[in-house]
Amino acid sequence: MPERFDVVIIGAGPGGYVAAIRAAQLGLKAACIESRGSLGGTCLNIGCIPSKALLQSSEKFAEAKQGLAEHGVTVAEVGFNLAAMMERKDKVVTTLTRGVEFLFRKNKVDWLKGKARIAAPGRVVVTGADGIPQDIEAASIIIATGSESTPLPGVHIDEQRIVSSTGALALDHVPKRLVVIGGGYIGLELGSVWRRLGAEVTVVELLDRIVPNLDRELGQALQRTLARSGIDFKLGTKLAGIGEAEGALSVKLDGSDAQKLSADVVLVSVGRRPYTDGLGLEAVGVARDESGRVIVDDGFATNIPGIYAIGDVIRGPMLAHKAEEEGIAVAERLAGQKPQVDCDAIPSVVYTWPEVASVGKTEEELKAAGVSYRTGKFPFTANPRARTNGYTEGFVKILAESETDRLLGVHIIGPDAGTLIAEATLAKEFGASAEDIARTCHAHPTLSEALKEAALAVDARAIHI
Ligand SMILES: Cc1cc2nc3c(=O)[nH]c(=O)nc-3n(C[C@H](O)[C@H](O)[C@H](O)COP(=O)(O)OP(=O)(O)OC[C@H]3O[C@@H](n4cnc5c(N)ncnc54)[C@H](O)[C@@H]3O)c2cc1C
């Protein structure tokens, strides 16, 4: 007899493992199927966590090299051990993936190891390393199979010299010349890591701007700072091909900057695409859109009763915290609750130096939609804590509806922007106005005072500028 569960989740990334834990908390008998040898999905294994570990290590090196003298701290000799950095990164990953295993045991979620295929609504076949298929029955199935790097036609990723983000997280040497194809956040974060460690980095981007979904003003400010750190940008430029010349990679470019670049390593990071290989969606009739994303309604239900989908495999930003929110929401819906995920209150962060963080609409989106808004801006140069810390790059920008003062978008470039955006996200979630932030007492001296000042600036009454 096949084992029977209330809910079976396919994929143990931040969407899937969180859905499984929440379902179990609500008393549902839950199993999570994962084909990778460890839990945590892209995020914990080859995404958010290893990239942030390397960003942190390389930032410490860069600070020790350049950033401590103004504090009167002298360092005799600054160097780094790449193998030790990689070992630390791997240890962080293992600690966190094992942490998810612990949470599964604690909440009595079954981890079924193997590749899942949906045989029919309510029936999943799991094939493990031994190759023996195991039948599972489930009242509900949640697809949380995530995404994979989008390949470029004609470019073979060998993960040694031509790498995806996965290879770029595990290089065993610092490349002398790194060419990054794609100016999205993944390329910029990984480009920053290797630039800080000494690589000459060139970012090639097809569009006329980096991280195109950012508010344009912040994207431009970020590009200026990264250029100052030594990263070269070739915008409006297309990759025409990668060949070999004189023992190096020869990167041929088309467009406004047509030329050839020599590179030791090329990172291809042109986006991610939903991953549904081998799931059997065609046979079961689960509908997908033209980009291959599983189509769901507001309650994450697909067109086939009893089958749901969340995370990178459906519409919306491909972000770990978005997948987590959806994991919680779908589990609660299966338990009879009616939670909603507000797509407009999902923050996004680029973990470069400085960080860039946003929630809500950009100025370009508001203009395109014909919404009347007021802008409040405040620079970190006028924030006392930024001064004491010695990091004064960047600003906070708040967009509020002209008539009602309702918060429409908050955009921060500067120190710790990724943490600061939480306040703005909470405010948006509560439907707050700029005045609500302006009237909230913020501790002094903190970076968060820049948010209050930007909120005051919406009404042209910032104090410290
Ligand atoms: C380099 C990099 C950096 C990133 N940094 C950030 C960041 O800082 N912040 C952020 O929010 N997001 C970041 N992301 C994106 C983030 O990793 C994803 O948005 C997130 O992991 C999506 O979660 P998910 O649960 O939808 O899918 P995933 O995490 O992709 O997990 C899906 C899992 O399903 C498994 N699976 C697939 N098919 C099957 C099958 N048939 N049977 C069994 N198992 C299957 C896969 O093995 C995988 O483990 C980053 C991504 C990358 C690549």
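Residues numbered from 1 in each chain as written. Predicted model: local features only at pLDDT ≥ 70, side-chain atom pairs only at ≥ 80, totals over all residues. Heavy atoms only, no water.

A closer look at the pattern of salt bridges
Where charged atoms from two side chains of opposite charge approach closely, those side chains can pair. Here is the rule we go by: In what follows, salt bridge is the name for a side-chain nitrogen of Lys or Arg lying within 4 Å of a carboxyl oxygen of Asp or Glu. By the criteria applied, helices consist of DSSP H or I runs no shorter than four residues and strands consist of E runs no shorter than two, each listed in order from the N terminus. A simple rule labels every residue: compare its accessible area, found with a 1.4 Å probe on the protein chains alone, to the largest value its type can have, and call it buried under 20%, exposed over 50%, or partly exposed in between.
Summed over the entire model, instances satisfying the criterion amount to 30 salt bridges. Between Asp344 and Lys361 there is a salt bridge, with its nearest N and O atoms 2.9 Å apart. Note that Asp344 is positioned in the loop between α9 (320-334) and β18 (348-350) and Lys361 in the loop between β19 (355-360) and α10 (363-369), a separation of 17 residues in sequence. For Asp344, a relative accessible area of 24% puts it in the partly exposed group. For Lys361, a relative accessible area of 31% translates into the label partly exposed. Close ionic contact of Arg406 with Glu401 constitutes a salt bridge, the shortest N to O distance being 3.5 Å. Among the charged side chains, a network of salt bridges with common partners joins Arg374, Asp405, Glu435, Arg439, Asp459 and Arg461.

A closer look at the site of the ligand
As a reminder of what qualifies: Residues are labelled near a given molecule or strand when at least one of their non-hydrogen atoms is within 4 Å of it. As used in this structure description, the phrase polar contact means that two N or O atoms lie within 3.5 Å; if the pair is within protein, one of them must be able to donate a hydrogen and the other to accept it, and residues adjacent in sequence are counted only when both atoms belong to side chains. Here the Shrake-Rupley method, with its probe set to 1.4 Å, supplies the accessible areas, and only the displayed protein chains count as covering residues.
In the vicinity of the ligand there are 40 residues, among which Glu34, Thr42, Lys52, Asp312 and Ala320 approach most closely. With respect to the ligand, the backbone of Gly15 contributes an N or O atom lying 2.9 Å from an oxygen atom. Within the side chain of Lys52, an N or O atom sits 2.6 Å from an oxygen atom of the ligand. For the ligand, the protein covers 97% of the area, taking 1000 Å² as the surface of the free molecule. Those elements giving two or more residues to the shell around the ligand turn out to be α1 (14-25), β2 (30-34), α2 (41-46), α3 (48-67), β4 (115-120), α6 (185-196) and α9.

Focus: the side chain of Ser448
Definition in use: Should any heavy atoms of two residues lie within 4.5 Å, those residues are counted as being in contact.
In this structure, Ser448 sits in the loop between α13 (434-438) and α14 (449-458). Ser448 gets classed as buried once you look at its relative accessible area, which sits at 17%. Once residues within four sequence positions are removed from consideration, Ser448 is found in contact with Leu420, Glu423 and His442.

Thoughts on the side chain of Ser269
Note that Ser269 resides in the loop between β15 (265-268) and β16 (272-274). Taking the relative accessible area as the measure of exposure, Ser269 reaches 12% and is therefore buried. In this structure, Ser269 is in contact with Val180, Ile181, Gly182, Ile186 and Gly187, ignoring residues within four places of it in sequence.

Details of the sheet that holds strand β11 (residues 232-234)
Using the following cut-off: When DSSP finds two or more bridges between a pair of strands, those strands are recorded as paired. Angles here are taken between N-to-C directions and fall from 0 to 180 degrees, while the axes themselves are lines fitted to C-alpha atoms, restricted in helices to the stretch in contact.
Read from one edge of the open sheet, 5 strands run β8-β15-β9-β10-β11, paired in parallel fashion. Lying at the two open borders of the sheet, with one neighbouring strand each, are β8 (162-163) and β11. Of the strand pairs in this sheet, β8 and β15 are connected by 2 bridges, and their pairing is parallel. Pairing of Ile162 across the sheet is with Val266, part of β15. Those strands touched by α6 are β9 (177-181), β10 (200-204), β11 and β15, and its axis lies near 165° from that of β10.

Looking at the sheet that holds β18
Overall, antiparallel pairing links the 5 strands, which are arranged β18-β19-β22-β21-β20 in an open sheet. Strand pairing shows two members of the sheet lacking a second neighbour, β18 and β20 (373-379), which therefore form its edges. Neighbour-to-neighbour, the strand axes of the sheet open up by a mean angle of 10°, direction not taken into account. Taken together, the 6 bridges between strand β21 (residues 395-401) and strand β22 (residues 407-414) define a ladder with antiparallel strand orientation. Along β22, the bridge assignment pairs Phe395 with Ile413. Packing of helix α12 (residues 417-429) onto the sheet brings it into contact with β18, β19 and β22, and relative to β19 it is tilted by some 10°. Docked against the sheet, α14 engages β20, β21 and β22, running at close to 140° with respect to β20.

Focus on the nonpolar core
Going by this rule: Only buried Ala, Val, Leu, Ile, Met, Phe, Trp, Tyr and Cys residues count toward a nonpolar core, and they belong to the same one when joined by side-chain atoms within 4.5 Å.
Formed by 54 residues in total, the largest nonpolar core has its most connected members in Phe104, Ile118 and Val124. The biggest single contributor to this core is α1, with 7 residues. Aside from chain neighbours lying at most four places away, what touches Phe104 is Tyr17, Ala20, Ile21, Cys32, Leu39, Val109 and Trp111. Grouped together as the second largest cluster of nonpolar side chains are 36 residues, Phe61, Ala168, Ile210 and Val350 included.

Observations concerning helix α7 (residues 216-228)
Our working definition: Helix span is expected to be 1.5 Å times the residue number reduced by one. The directions considered for the arc are those from the helix axis to the C-beta atoms.
Between its first and last C-alpha atoms α7 spans 18 Å; for 13 residues at 1.5 Å apiece the expected length is 18 Å, and the two agree. Within α7, burial applies to Leu218, Gly219, Ala221, Leu222, Thr225 and Leu226. Looking down the long axis of α7, one finds its buried residues gathered within 165° of arc, a one-sided arrangement. Away from its buried face, by an angle of more than 90 degrees, α7 presents the exposed residues Arg224 and Arg228. Buried residues in α7 make contact with α6, β11, β18, β19, β21 and β22. Immediately beyond the C-terminal end of α7, within one or two residues, lies Gly230, with a positive phi of roughly 110°.

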